[in-house]
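A look at the structure
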Amino acid sequence: MKPKKKFTFSNHVMFVDGMPGCGKTLFSPFLGAYPQVELLTYAYEVERYCGLYYLNEIGLDAASTLINLSIDQITYHSMMCRETNFRPSDLSSVFKNPNKMRYFKRLFMKGDHAVTQRIKDEKPILNLTTHGLLAHSEPIFFALGDRATFVEIIRHPLYQIRQHYLNTKNLYIQDPRHLELTYQTGREVVPFFVKEYENEWINGNPMDKAILSMYYWGKQVDQLLSKNKTIKSQTIVIPFERFVLCPDSYLKSIESTLGVDRTNSVLKALKRQNVPRKRIADGISLPVYKRCGWTPPIDGTEKDELLVRSDEVRKKSTIKVFHLLQEMNEKYEEKHMKGIL
């Protein structure tokens, strides 16, 4: 038997994706300020279905059917405020969204069959935040077709490595809060995405693990976009550094793809994130950012900032793996940071 969902909603689905530390938490909130775009939602189930497909534990038909079920459920629940986040301090909270009254009104609207018609009429755009999913996203595009758009955030490796390191050191070791899909190999339990380099990952120290995950993820994304023109055409790649300094061209690309118009709410949301800014590292001091390794920029140039971060990593990694990081740094700077450094 072949799993299949016969009927699905037709609304657009936007995935704001990237590796930990890339700056997704800057993008998802301001994208949610567009009137047609829904509140930021984390799509953990979709990530797990793609992971199971990558591990060859389920087939493409099963993965895509589960994804369609999950996307339709998120859409349906969002339109009548089921499973909507009202926790004030969270980045995904209704209270952090400029369209917050929309969600309070939905609490008292008719549900069930009435919701289906509202979805058809309002055509909500889902705003799903995912973690390094593009490399394993084929089941998503198979399921959703041209309904899917990936806004893929990339960033200089040295600005991402602290959060990777903290994740590897604190979350992958004896912590039930770690909810990422894992699998067992021998006596070890490892994240699903290390399948192609599991021995290197197992034998590495926490900083080595962080570098390896970034290195192989980048290779997988490059291979996917080079071989699959459809996925490439539905992916908007945004270098974080260029966006925070001069966001307009990237905003126009997103608006054209999604069919949305810029509003004052969007501009205010960007201003709260200090965008545009004079320096890349001039982010805002939020507790969640500090917890993920954010520190104020040092006095000096952009190059000085990178040298400090590089020296920090060198002291915690092995020489062989540190060379991979240097390779990534040089590639990124050549492609995305000319005129900035």
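Residues numbered from 1 in each chain as written. Predicted model: local features only at pLDDT ≥ 70, side-chain atom pairs only at ≥ 80, totals over all residues. Heavy atoms only, no water.

On to the environment of S28. As for its placement among the helices and strands, S28 is situated in helix α1 (residues 24–31). A residue is classified by how much of its surface remains accessible, and S28, at 2% relative accessible area, is buried. Separated by 248 residues in sequence, S28 and P276 place their C-alpha atoms 16 Å apart. Not counting residues within four places of it along the chain, the set of residues in contact with S28 comprises V16, L40, N127 and T129. (Helix = DSSP H or I, 4+ residues; strand = E, 2+ residues; numbered from the N terminus. Buried < 20%, exposed > 50% of the residue type's maximum accessible area, 1.4 Å probe, protein only. Contact = heavy atoms within 4.5 Å.)

Take the packing of helix α9 (residues 206–227) against helix α16 (residues 319–336) next. The geometry of α9 relative to α16 is characterised by a closest axis approach of 9 Å and an angle of 45 degrees between their N-to-C directions. Put simply, α9 runs oblique to α16. The chirality of how α9 crosses α16 is left-handed. Here D208, I211, L212, M214, Y215 and D222 of α9 lie close against α16, whose contacting residues are V321, F322, L324, L325, E327, M328 and K331. Its residues assigned to classes, the contact of α9 with α16 comprises 9 nonpolar, no polar and 4 charged. (Axes fitted to C-alpha atoms, helices over the stretch in contact; angles between N-to-C directions. Parallel < 35°, antiparallel > 145°, perpendicular 65-115°, else oblique. Left-handed = near helix turned anticlockwise from the far one by under 90°. Nonpolar A, V, L, I, M, F, W, Y, C, P; charged D, E, K, R; others polar.)

Moving on to unusual backbone geometry. Here the bond from V275 into P276 is cis, since omega is 0 degrees, no more than 30 degrees from zero. Positionally, P276 belongs in the loop between α13 (264–272) and α14 (287–291). The phi dihedral of C81 falls on the positive side, at around 65 degrees, and the residue is not glycine. Among the secondary structure elements, C81 is positioned in the loop between α3 (60–78) and α4 (100–106). Of note, the phi angle at N274 is positive, near 60 degrees, even though the residue is not glycine. Here N274 is to be found in the loop between α13 and α14.

Let us now look at the pairing of strand β1 (residues 13–17). Burial analysis of β1 places 5 of its 5 residues in the buried class, which makes it a mostly covered element. Taken together, the 5 bridges between β1 and strand β4 (residues 148–154) define a ladder with parallel strand orientation. Opposite V13, over in β4, you have A148 as the bridge partner. (Pairing = 2+ DSSP bridges.)

Before going further, it helps to spend a moment on α9. Along an α-helix, residues three or four apart share an orientation, since each turn contains 3.6 residues. Its 22 residues give α9 an end-to-end C-alpha distance of 32 Å, which sits within 8% of 32 Å, the value for a rise of 1.5 Å per residue. Of all 22 residues in α9, 16 are buried, a share of seventy percent or more. One side-chain oxygen of the residue at the start of α9 lies 3.0 Å from the amide nitrogen of M207, identifying that residue as N205. (Expected span 1.5 Å × (residues − 1). Polar contact = N/O pair within 3.5 Å; in protein donor to acceptor, adjacent residues only side chain to side chain.)

As a further point, take the sheet that holds β4. Sheet strands pair by backbone hydrogen bonding; their relative direction is either parallel or antiparallel. Pairing is parallel in the open sheet, where 5 strands are placed in the order β2-β3-β1-β4-β7. Among the strands making up the open sheet, the edge pair consists of β2 (37–42) and β7 (235–239). Strand after strand, the sheet turns through a mean of 20 degrees between neighbouring axes, direction not considered. One ladder, built from 5 bridges, connects β4 with β7; its direction is parallel. Directly across from F150, in β7, lies its bridge partner T235.

Our focus in this paragraph is the environment of L107. Among the structural elements, L107 can be located in the loop between α4 and α5 (113–122). Put simply, L107 and G32 are 75 residues apart on the chain and 19 Å apart in space, counted from C-alpha to C-alpha. The residues contacting L107, other than those within four sequence positions of it, are C81 and F86.

A separate point is α16. With 18 residues, α16 ought to run about 26 Å at 1.5 Å a step, and its terminal C-alpha atoms sit 26 Å apart, in line with that. Buried within α16 we find V321, F322, L324, L325, M328, N329, Y332 and H336. Relative to the axis of α16, the buried residues are bounded by an arc of 150 degrees and lie together on one face. Residues of α16 that are exposed and point over 90 degrees away from its buried face: I319, K320 and E330. (Arc of directions from axis to C-beta.)

In the predicted model, the protein carries a mean pLDDT of 91, and the fraction of residues at 70 or more is 94%. Per-element confidence in the protein ranges from a low mean pLDDT of 56 for α14 to a high of 98 for β1. (pLDDT = per-residue confidence, 0-100.)

All told, the structure shown has 14 aromatic pairs when counted by the stated rule. The interplanar angle of 90 degrees and the centroid separation of 5.3 Å between the aromatic rings of Y215 and Y216 together place this pair among those described as edge-to-face. The pair Y215 / Y216 is uniform in exposure class, with both members buried. Residues F243 and Y250 carry aromatic rings whose centres are separated by 6.3 Å and whose planes lie at 55 degrees to one another, so their mutual orientation is tilted. A network of ring pairs unites the aromatic residues F27, F30, F243 and Y250 as a single cluster. R155 extends its terminal NZ or CZ atom over the ring of F240, reaching a point 3.8 Å from the ring centre. Taking the ring centre of W201 as reference, the NZ or CZ of K209 above it sits at 4.8 Å. (Phe/Tyr/Trp six-rings, centres within 6.5 Å; stacked < 30°, edge-to-face > 60°. Lys NZ or Arg CZ within 6 Å of the ring centre and 35° of its normal.)

With that out of the way, let us pick up the nonpolar core. As a rule of thumb, nonpolar side chains are buried together in soluble globular proteins. Ranked by size, the top nonpolar core spans 87 residues in total, and within it F15, F27, F30, I140 and F243 carry the most contacts. Ranked by residue count, the leading element in this core is α9, at 11 residues. Apart from residues no more than four positions distant in its own chain, F243 is found in contact with L26, F27, F30, I238, Y250, L251, L270 and V275. Counting residues in each nonpolar core, the second largest holds 5 residues, with F9, M79, M80 and V115 among its members. (Core = buried A, V, L, I, M, F, W, Y, C linked by side-chain atoms within 4.5 Å.)

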